[in-house]
2 protein chains.
Amino acid sequence: MTALLIRNCQALHISATAQITLLRDQDILVRDQRIEAIQPTGQADPSHFTTVIEARGMLAMPGLINTHAHVPMVIFRGLAEDVSIERWFNEFMWPLESNLQPQDVYLGMRLGAAEMIEGGVTTVADHYFYMDEAAQAVADSGIRALLGWAIFGSSGPAMIARTGEFVARWQGAAGGRIRTLMAPHAPYTCDDDYLRACVAQAQALDVGIHIHAAEEMGQTRASLAKRGLTPIQVLEQTGVLERPTIIAHGCGLLPEDIERLRGRTVGIACAPKTYLKLAMDMTPVIALRQAGIAVGLATDGAVSNNTLDVWESLRLLALLQKDRQRSPEVLTIPEALFIATRESARVLGYSDLGALEAGFLADIILVDLSGLHHQPLHSLTASLVYNARASDVQTVIIDGRVVMQDRVFTTLDRRAAVADVQAAMDRLAQRIPAKRIQVYNP
Amino acid sequence: MTALLIRNCQALHISATAQITLLRDQDILVRDQRIEAIQPTGQADPSHFTTVIEARGMLAMPGLINTHAHVPMVIFRGLAEDVSIERWFNEFMWPLESNLQPQDVYLGMRLGAAEMIEGGVTTVADHYFYMDEAAQAVADSGIRALLGWAIFGSSGPAMIARTGEFVARWQGAAGGRIRTLMAPHAPYTCDDDYLRACVAQAQALDVGIHIHAAEEMGQTRASLAKRGLTPIQVLEQTGVLERPTIIAHGCGLLPEDIERLRGRTVGIACAPKTYLKLAMDMTPVIALRQAGIAVGLATDGAVSNNTLDVWESLRLLALLQKDRQRSPEVLTIPEALFIATRESARVLGYSDLGALEAGFLADIILVDLSGLHHQPLHSLTASLVYNARASDVQTVIIDGRVVMQDRVFTTLDRRAAVADVQAAMDRLAQRIPAKRIQVYNP
């Protein structure tokens with residue numbers, strides 16, 4: 001049994017109804033993996049705790065949650081710039097991924113987990129290949145993850161069973177830090193029978209599904225032209241939406257699609273930087289939320305998003321809803337902070353994550369707002385949404401364990417995380433367009 | 001005479017035609033305020049220099065340039081959030097500015113200069129009130145600045161003469177680091193006669209003009225409805241465009257306005273984060289550049305932009321042009337870096353700033369790209385545009401003088417810069433809407 005005391009911090013409380021309260025001079029008591037209490041400082045006896053963190057002047061808040069990523073792709077970061085989405089897939093990404101070896105996924109996940117932890121991200125929903133290696137890196141790094149092994153229709157039905165075995169193997173691993181689900185790539189890369197088989201597998205294993213759908217309006221139009229159904233209708237008809245589902249990115253959702261999602265256990269992952277960079281559309285965050293559908297923050301992979309910086313996703317999500325709605329008054333600061341925490345947790349199917357509340361999982365970050373870019377701090381909540389940088393995160397606790405303290409990792413070897421990927425750079429950067437794992441033709 | 005040697009860095013060369021070259025293992029030699037040479041490392045004798053900076057592993061590049069700001073407004077940071085542009089001006093900004101005392105401008109400029117230097121910004125074009133105090137803070141902090149004292153028609157004609165005296169008093173001050181110009185606020189707050197008088201004053205003093213115009217399409221429409229002229233036509237007819245002019249923000253430029261600006265010594269300052277936050281339009285960067293008109297990066301004031309982070313402006317300018325043009329292939333990485341440096345210098349009227357070239361002013365930043373969010377560094381230039389954070393800047397040289405080394409200021413007292421503003425927070429935050437310095441009604 002471990003016990004952690006975070007002493008004398010300011011604590012950001014985000015209620016289930018998106019009310020934000022700043023509690024001053026608080027102690028946070030953690031037992032094992034959960035928050036035991038948040039109480040005025042001075043009542044707890046430090047000698048009763050195995051670890052004490054002095055947090056005077058720090059803001060404690062829930063760790064950020066990345067609801068859709070391909071973390072190991074950090075190994076290809078910077079290799080596909082200023083190109084159209086078709087070229088991005090067909091000439092860059094999918095040829096590059098033909099270089100991928102299982103060990104690369106371990107190294108990429110380890111490096112990406114380090115980047116995320118350093119930036120205050122404590123949970124990630126990841127969708128990639130060779131996920132046993134990814135899961136091992138998650139276990140080693142200390143981050144929390146919801147993992148799915150990405151499969152295409154062209155991967156063949158055997159891969160459904162094989163990724164199902166991955167699901168069973170890692171579900172609840174690393175003391176519960178790892179959860180798993182099925183991850184068919186998208187309706188445009190998996191035919192209906194394939195999706196149905198994935199649903200059956202998910203049902204048999206009692207897990208959810210993580211899938212790309214309606215990524216941009218062009219895909220929705222193509223699907224309507226080819227078969228008279230939107231991508232969301234395809235998910236509906238193949239039974240995907242009967243399972244708890246994470247949909248990335250939903251920029252091509254029609255109003256009637258939002259009606260189809262209403263009332264289901266479905267969350268939408270929004271990665272706004274990627275959408276700008278690839279000139280896609282934008283997730284209709286406000287319409288989705290009005291329909292009661294959870295929207296979470298995401299970074300997608302670093303080959304489109306360049307970084308795994310969820311603060312940047314938070315800022316851009318808020319700014320771009322104002323922009324798209326032509327109103328500075330929408331997507332307010334409390335709503336943005338709610339999306340970043342409790343609502344992103346809901347997208348991933350957690351009801352005990354994303355808030356500093358007794359009984360919740362102890363994923364806590366300490367943020368230093370003394371930086372010049374925050375001063376003077378007339379509005380702490382505004383600063384979190386519009387000013388904060390990943391570099392402001394000082395200390396990170398995941399599952400009750402201190403994984404970074406004062407910007408020093410306790411679980412990860414930072415030098416090795418970088419050097420081991422650097423050693424493979426030349427091999428990873430080779431690119432033969434004819435040699436690709438898939439063709440983009442939605 | 002001072003001599004500075006920056007040893008063994010990588011140097012980013014940006015040509016006058018936006019060609020980017022990375023030079024490895026370079027020494028940069030600085031004499032007094034200018035770059036003397038950039039040459040392969042090892043040839044220069046360190047004993048001939050008064051200061052030697054070991055820069056192995058660092059990237060040297062030109063300092064960033066903020067082409068339009070109201071730096072002292074950092075003192076009001078966070079006080080006007082999630083409100084419409086009308087309310088932003090009439091209920092927040094202009095009432096808050098009625099609290100302004102001259103000393104606040106000194107403290108705000110000092111704090112903002114510190115924030116900018118820490119983030120690699122070496123030059124700023126500032127447009128505010130009580131500019132003698134701002135100029136003093138510029139002189140003290142070591143930053144380079146082009147300063148204008150903002151005036152409204154309602155300020156009365158005496159203020160034209162008075163701000164002209166400011167121009168004369170500070171032109172070329174601080175060893176040339178300070179330049180000045182006239183700063184009528186906008187065509188919607190200065191009538192035609194007032195603008196003409198400002199032009200005459202600028203002409204008499206042989207300086208340029210810094211003005212807001214066509215900030216958003218609503219202003220252009222209002223101007224057309226009220227008087228049948230676009231804001232740019234008003235600038236044309238009042239002679240403003242005969243002077244070297246900085247126009248902020250130009251989001252309401254019509255195609256015919258771009259034709260009116262063609263061939264003139266006019267630059268447009270683009271502050272994209274502010275435009276998203278206030279749900280304005282977007283500067284037509286690509287159309288302006290196609291017409292040969294310089295566009296520069298800007299942050300505007302921190303009350304709309306929240307920070308003075310020019311890296312964020314750089315990233316958003318590039319991303320939002322891709323978004324608005326619906327093409328990921330426009331506003332490429334070399335073009336973005338060119339805009340951030342040489343082209344922003346051109347907006348401010350400098351022909352010897354914004355590049356690492358012999359004879360250019362020695363405004364140089366050393367950037368550390370070893371951070372996890374850059375690794376592995378397949379593309380250094382992509383990382384500068386899409387990954388870099390203000391916190392990656394390690395060392396800053398302005399006018400040949402080291403103003404920050406390894407993130408420690410040599411000119412500024414960081415603690416006092418923060419504390420002195422914090423001490424005034426309660427007074428600054430008072431807000432009586434009826435008590436405002438101006439009314440927004442374009």
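This structure is a prediction, so every number in the text was calculated from the model and none was measured. (Residues numbered from 1 in each chain as written. Chains lettered and ligands numbered in written order. Predicted model: local features only at pLDDT ≥ 70, side-chain atom pairs only at ≥ 80, totals over all residues.)

## With respect to the confidence of the model for chain A
Line of reasoning, step 1. Per-residue confidence for chain A averages 97 on the pLDDT scale, and 100% of its residues sit at or above 70.
Line of reasoning, step 2. Reported confidence for the predicted complex is 0.97 by ipTM and 0.97 by pTM. (pLDDT = per-residue confidence, 0-100.)

## Brief notes about the environment of Gly359 of chain A
Residues and elements named next belong to chain A.
Line of reasoning, step 1. With respect to the element layout, Gly359 can be found in the loop between helix H13 (333-347) and strand S14 (364-368).
Line of reasoning, step 2. Residue class for Gly359 comes out exposed when judged on the 10 C-beta atoms lying within 10 Å of it.
Line of reasoning, step 3. Beyond its immediate sequence surroundings of up to four residues, Gly359 is in contact with Arg34, Ile35 and Asp352. (Helix = DSSP H or I, 4+ residues; strand = E, 2+ residues; numbered from the N terminus. Buried ≥ 20, exposed ≤ 12 C-beta atoms within 10 Å, placed from the backbone. Contact = placed C-beta atoms within 7 Å.)

## Some words on the interface of chain A and chain B
Line of reasoning, step 1. On the side of chain B, 49 residues touch chain A, which itself brings 49 residues to the contact.
Line of reasoning, step 2. For the side of chain A that touches chain B, the secondary-structure elements that each account for two or more residues are helix H2 (102-118), helix H9 (272-277), helix H12 (310-325), helix H14 (380-386), helix H15 (414-422) and helix H16 (425-429) of chain A.
Line of reasoning, step 3. Its residues assigned to classes, the side of chain A that touches chain B shows 22 nonpolar, 14 polar and 13 charged. (Nonpolar A, V, L, I, M, F, W, Y, C, P; charged D, E, K, R; others polar.)

## Remarks on the domain arrangement of chain A
Residue and element names in this part refer to chain A.
Line of reasoning, step 1. In terms of domains, chain A is made up of domain 1 (3-62 + 354-407) and domain 2 (64-347).
Line of reasoning, step 2. Computed from C-alpha coordinates alone, the two centres of domain 1 and domain 2 are separated by 28 Å.
Line of reasoning, step 3. On the domain 2 side, the residues contacting the 27 residues of domain 1 number 27 residues.
Line of reasoning, step 4. Of all the secondary structure elements, the ones that give two or more residues to the side of domain 1 that touches domain 2 are S14, H14, strand S15 (393-398) and strand S16 (401-405).
Line of reasoning, step 5. Broken down by class, the residue content of the side of domain 1 that touches domain 2 amounts to 19 nonpolar, four polar and four charged. (Domains from an automatic or database assignment.)

## Some words on the relation of the copies chain A and chain B
Line of reasoning, step 1. Once turned by 180 degrees and shifted 0.0 Å along the axis, chain A lies on chain B with an RMSD of 0.0 Å. Such a turn and shift between the copies fits a two-fold axis. By C-alpha distance to the rotation axis, the residue of chain A lying nearest is Ser391 of chain A, at 3.4 Å.
Line of reasoning, step 2. A share of 100% of interface residues in chain A that are also interface residues in chain B marks the association as one of identical surfaces. (Least-squares fit on C-alpha atoms with pLDDT ≥ 70 in both.)

## Some points on unusual backbone geometry
Line of reasoning, step 1. Of note, the amide linkage connecting Gln375 of chain A to Pro376 of chain A takes the cis form, showing an omega dihedral of -5 degrees.
Line of reasoning, step 2. Relative to the assigned elements, Pro376 of chain A resides in the loop between S14 and H14.
Line of reasoning, step 3. A cis amide bond links Ala248 of chain B to the next residue, His249 of chain B, at an omega of 15 degrees.
Line of reasoning, step 4. One non-glycine residue, Asn8 of chain A, lies in positive phi territory at about 65 degrees.
Line of reasoning, step 5. Position of Asn8 of chain A relative to the elements: it lies in strand S1 (residues 3-14).
Line of reasoning, step 6. Looking at Asn8 of chain A, the number of C-beta atoms within 10 Å reads 19, which means it is partly exposed.
Line of reasoning, step 7. With a phi close to 55 degrees, Ala174 of chain A is a non-glycine residue in the positive phi region.

## Side note on the packing of helix H4 (residues 158-170) of chain B against helix H5 (residues 192-205) of chain B
Residues and elements named next belong to chain B.
Line of reasoning, step 1. Their axes nearest at 10 Å, the elements H4 and H5 cross at an angle of 25 degrees. By the angle class used here, H4 and H5 are roughly parallel. Crossing geometry of H4 relative to H5 is assigned as right-handed. Only Ala197, Cys198, Gln201 and Leu205 of H5 make contact with H4, whose side of the interface consists of Ile160, Gly164, Val167 and Ala168.
Line of reasoning, step 2. Its residues placed into classes, the contact of H4 with H5 shows six nonpolar, two polar and no charged. (Axes fitted to C-alpha atoms, helices over the stretch in contact; angles between N-to-C directions. Parallel < 35°, antiparallel > 145°, perpendicular 65-115°, else oblique. Left-handed = near helix turned anticlockwise from the far one by under 90°.)

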